[in-house]
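Read off the chains here:
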Amino acid sequence: MWQAEGMSVPQHFASHLVSQRARISKRVSAIAPSATLAVDAKAKALKAQGVPVISFGAGEPDFATPAPILEAARAAVDDPRNHRYSPAAGLPELREAIAHKTQRDSGLEVPAAQVVVTNGGKHAVYNGFAVLLDPGDEVLLPAPYWTTYPEAIALAGGVSVAVPTTAASGFMVSVEQLEAARTERTKALVFVSPSNPTGAVYPRAQVEAIGRWAVENDVWIITDEIYEHLTYGQNEFCSMPAVVPEVTDRCVILNGVAKTYAMTGWRVGWLIGPPDVAKAAVSLQSHQTSNVSNVAQQAALAAVSGPLDAVAEMRAAFERRGNNMHRLLNAIEGVSCLAPQGAFYAFPSFEGVLGRNGLASTTAELAGWILDEAQVAIVPGEAFGSNGYARLSFALGDEDLAEGIARIASLLA
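None of these values were measured; they are calculated from a predicted model.

Notes on the packing of helix α14 (residues 363–374) against helix α15 (residues 398–412)
Okay, so step 1: Closest axis-to-axis distance for the α14/α15 pair is 10 Å, and the angle between their directions is 105 degrees. With respect to their mutual orientation, α14 and α15 come out roughly perpendicular. Within the contact between the two elements, α14 uses L366, W369, I370, E373 and A374 and α15 uses R407, I408, L411 and L412.
Okay, so step 2: By residue class, the composition of the contact of α14 with α15 is 7 nonpolar, no polar and 2 charged.

Dropping the structure here:
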């Protein structure tokens, strides 16, 4: 008999219906795992098995965190004040230091009360979208884009509207493209310079033009400035609210210590926004995580308050490596690559390789083949909304960089 022993018919049906419900929410089930972290994890797993993998996947500096920052963290461990809860918005002295650092590096004056310290840059991204977006709000997202943006937008109930760019435009979006994509539901624009994954750095005139367009059309700007100190040659970082002060009241700045100070594992980021946005972000965070690790915050305080000597040394190394990667990639038949202007990524086109001699038809397939056959990890362009391209980080040693590109060249030949 189908009826469960000791259970009435209505109870049985209720139990059956519960068992048919999805175990994981639709909201979370729709999230795609981070492609960059997945590539890095696979490369590390293969290395652990003894496979000589060279990974161009990780978006983190290969340098050690500078010594003064480590010393500040060691001292913080012994201070009983850091063993207790602290304000959800961040340590007051760190918020004040971030405000001073923002004026120093960006030319933008903000009060400490508008700074919210978060558990890494990704937490700042999530909180920014969660605070601003209602279901159905559209966010203009120039492509290629960092893999996390569309997922965080979707989790907040928003809708990503990709605005494609190509190498022909230097992977920079124009005002005309933004206006063509704008609708009555457009709430915000994600603006990133220097860019992950392309390494593009917008010139000041273009930053200003986009900022003026946003002001005229009541569009919020969510600007990710995490790579602000990593620009090369004549390219210079420009903070949009500093260039266009009128945008400040509708602008959220995202940043952190991860890239500039080689502190990816310390998990300290921040969000800067108008008073109502900052207040809402603190309220949200008070229920999410409460305070960021106090020891990590003390390390971040030493980082943002200290000199930029170590940063200059890293930038010089990244510029040299970026130039080498650009030269080596362009020497491969069927591969073309713009010179990286900032960050620590090259974003070459493999369109001249795809489909050749029955080879992979997508960069996702190509990346899998290169990892299997050459033991080299790259991140396919599909992860960033751009088939035909791939992201290669040059945040690795010079010898590994040359060897990795040589393996790819040999395989494609």
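More follows now that the structure is in view.
Overview of the pattern of salt bridges
Okay, so step 1: A complete count under the given rule lists 14 salt bridges for this structure.
Okay, so step 2: The shortest N-O distance in the salt bridge between D137 and K187 comes to 3.8 Å. Of this pair, D137 sits in the loop between α6 (121–132) and β3 (138–143) while K187 sits in strand β5 (residues 186–192), and the two are 50 residues apart along the sequence.
Okay, so step 3: Looking at D137, the relative accessible area reads 16%, which means it is buried.
Okay, so step 4: For R212, the salt bridge goes to E208, with nearest N and O atoms at 3.5 Å. With R212 and E208 both in helix α9 (residues 204–216) and 4 residues apart, the pair spans about one turn of that helix.
Okay, so step 5: Residue E208 is classed as partly exposed on the basis of its relative accessible area of 30%.
Okay, so step 6: Counted as one network, the salt bridges with shared partners bring together D62, R320, R321 and D398.

The rules behind the values
Residues numbered from 1 in each chain as written. Predicted model: local features only at pLDDT ≥ 70, side-chain atom pairs only at ≥ 80, totals over all residues. Heavy atoms only, no water. Axes fitted to C-alpha atoms, helices over the stretch in contact; angles between N-to-C directions. Helix = DSSP H or I, 4+ residues; strand = E, 2+ residues; numbered from the N terminus. Parallel < 35°, antiparallel > 145°, perpendicular 65-115°, else oblique. Contact = heavy atoms within 4.5 Å. Nonpolar A, V, L, I, M, F, W, Y, C, P; charged D, E, K, R; others polar. Salt bridge = Lys/Arg side-chain N within 4 Å of Asp/Glu carboxyl O. Buried < 20%, exposed > 50% of the residue type's maximum accessible area, 1.4 Å probe, protein only.

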